[in-house]
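# Working through the structure, step by step
Read off the chains here:
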Amino acid sequence: MNHDEFPVAASATAAAADRSIERDALVDLCGRAVRGAGGSSDTARALAEAVVAAEFRGRPAVGVAHLLDFLRAISDGRLHGDPSPVVERRRTSIVVADADRGAAQVAFARALPTALDGAREAGVAALSIRNCFPAGELAHYALAAARAGFVALAATNSPALLAAYGSHVPITGTNPLAFALPHPDGPRAFDQAASETAWVSVRQAAERGDPIPAGWALGPDGAPTDDASAALAGALLPFGGVKGANVAVMVEMLATLSGGAFSVDAAPFDRGSVSPAVGLFLLLLDPSAFDPGFVERAEAHHRRLAAEHGADFGRRKPEPATVRLPAAVHDELEEWAR
């Protein structure tokens, strides 16, 4: 999924109803909610840490509110709440994991140490995860590798949501791509999807009764629409026309390398009891194997671009002490936790 936020002008009343919460308290609440939905301690820890990190990075579309999708999926059975991922190191630097219909974050946490070992040994490694639930914020995976000192490229697919190459129905996923650079001051990263906007952003617009901009989606009749509800019944559109469609297909080929379901074969992530069983791919590069000075050279380059042109790639933001959650989200998490 794309990870843009739909611009919202919050009313004073809505803002007053928000709940301010610190990071540790929010991780605890999210973890208890996952356990309440039927998730194991491993699933609770992995999901809570991932969505809270996204929330504190300023990505609420794939943050704590998105956890509600995971909770409902666990409860309904399309997300295995207590999976047993299997990790296999097939070659020196090729790692494959079966997520056992569980959260991608759980399989990733289990497989990443093996992939890091391979990358340290060979200078490059690839991790392919299959049979997992859609990945949430994709930057989560690339950033984990970058914090360990590696240049990282991550790719994942989703159930079919995107019309491409002139089709009028969804034939591929929104299929994000994330990239991260390591540095002692913290990684730089981007995370973007092949769609013009996020599916969750369209859903939020539909819930509010707001129109969506032209070029975001098609209605169920295959015609362009500014009706968010019609878009949910139709298809999202790629950014840049065929260029975005090409990115979506490239990402899908990477994501499904070890057996993840193609988007048109993946069950919906928001209804039913069947796992989408999609895939995730992570490429790790040890920059010191190419140039011992690359990390500092790249950082100096990006600082120059920011200073001279205001182009701050993957900018680092100071983490706030607290975040504000909509009261409805906070209260639903409490209900799940109970």
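A quick note: this is a predicted structure, and the numbers were derived from the prediction, not measured.

Rules used in this analysis
- Residues numbered from 1 in each chain as written.
- Predicted model: local features only at pLDDT ≥ 70, side-chain atom pairs only at ≥ 80, totals over all residues.
- Heavy atoms only, no water.
- Helix = DSSP H or I, 4+ residues; strand = E, 2+ residues; numbered from the N terminus.
- Rg over C-alpha atoms; globule rule 2.2 N^0.38 Å.
- Contact = heavy atoms within 4.5 Å.
- Phe/Tyr/Trp six-rings, centres within 6.5 Å; stacked < 30°, edge-to-face > 60°.
- Buried < 20%, exposed > 50% of the residue type's maximum accessible area, 1.4 Å probe, protein only.
- Lys NZ or Arg CZ within 6 Å of the ring centre and 35° of its normal.
- Core = buried A, V, L, I, M, F, W, Y, C linked by side-chain atoms within 4.5 Å.
- Salt bridge = Lys/Arg side-chain N within 4 Å of Asp/Glu carboxyl O.
- Pairing = 2+ DSSP bridges.
- Expected span 1.5 Å × (residues − 1).
- Lys, Arg positive; Asp, Glu negative; His and termini not counted.
- Polar contact = N/O pair within 3.5 Å; in protein donor to acceptor, adjacent residues only side chain to side chain.

Here the focus is the overall build of the protein chain. Scanning the protein chain from N- to C-terminus turns up 12 helices and 11 strands. For the protein chain, whose C-alpha radius of gyration is 19 Å, the value lies close to the compact-globule estimate of 20 Å for 338 residues. Expressed as lengths along the three principal axes of its C-alpha atoms, the size of the protein chain is roughly 55 × 45 × 45 Å. Partitioning the intrachain contacts of the protein chain with sequence separation of at least 6 by distance along the chain shows that 70% fall at a separation of at least 24.

Attention shifts here to the packing of aromatic side chains. The final tally for this structure, using the stated rule, is 5 aromatic pairs. Between Trp199 and Phe269, the aromatic rings sit 5.2 Å apart at their centres with planes inclined by 80°, giving edge-to-face as the arrangement. One end of the pair, Trp199, is in helix α7 (residues 199-208); the other, Phe269, is in the loop between α9 (242-255) and β10 (278-285), and 70 residues separate them in sequence. The same class applies to Trp199 and to Phe269, which are both buried. Three or more aromatic residues link up through ring pairs in this structure, and these residues are Phe179, Phe190 and Phe313. The aromatic ring of Phe56 is capped on one face by Arg23, whose charged end is 5.5 Å from the ring centroid.

The next subject is the nonpolar core. Judged by nonpolar contacts, the single largest core of 47 residues is most densely connected at Leu26, Cys30, Val64, Leu67, Leu71 and Leu333. Mapped by element, the contributors of at least two residues to this core are α2 (23-37), α3 (41-56), α4 (64-76), α7, α8 (228-233), β11 (322-325) and α12 (327-337). Sequence-distant contacts of Leu71, defined by excluding residues within four places in its chain, comprise Ala33, Val34, Ala37, Leu333 and Trp336.

Using the criterion set out here, one finds 23 salt bridges in the structure. Here Arg110 and Asp42 are joined by a salt bridge, their closest N and O atoms 3.7 Å apart. A residue pair is termed long-range when its members are at least 10 positions apart, and Arg110 in helix α5 (residues 104-122) and Asp42 in helix α3 qualify at 68 residues. Of the residues examined, Arg110 reaches a relative accessible area of 39% and is grouped as partly exposed. Between Asp210 and Arg208 there is a salt bridge, and its shortest N-O distance comes to 2.7 Å. Counted as one network, the salt bridges with shared partners bring together Asp185, Arg188, Glu299, Arg303, Asp312 and Arg316.

Bridging between strand β6 (residues 177-181) and strand β7 (residues 188-192) involves 5 bridges; their strand directions are antiparallel. Each residue of the ladder has a partner; that of Ala178, found in β7, is Asp191. Adjacent in sequence and paired antiparallel, β6 and β7 are bridged by 6 residues, among which Gly186 carries a positive phi angle near 115°.

Compared with an ideal rise of 1.5 Å per residue, which puts 14 residues at 20 Å, α9 spans 20 Å between its outermost C-alpha atoms and is within 8% of the ideal. The inward-facing, buried residues of α9 contact β4 (124-132), β5 (151-156), β6 and β10.

So, about the side chain of Asp286. Here Asp286 is to be found in the loop between β10 and α10 (287-290). Here Asp286 occupies a buried position and makes no salt bridge, while the nearest side chain of opposite charge, Arg120, is found at 7.2 Å. In contact with Asp286, other than residues within four places in its own chain, are Ala119, Gly123 and Phe150.

It is worth spelling out the environment of Asp227 at this point. Of note, Asp227 is situated in the loop between β8 (217-218) and α8. A sequence separation of 14 residues divides Asp227 from Pro213, and the C-alpha atoms of the two residues are 8.9 Å apart. A distance of 3.1 Å separates a polar side-chain atom of Asp227 from the backbone nitrogen of Ala230.

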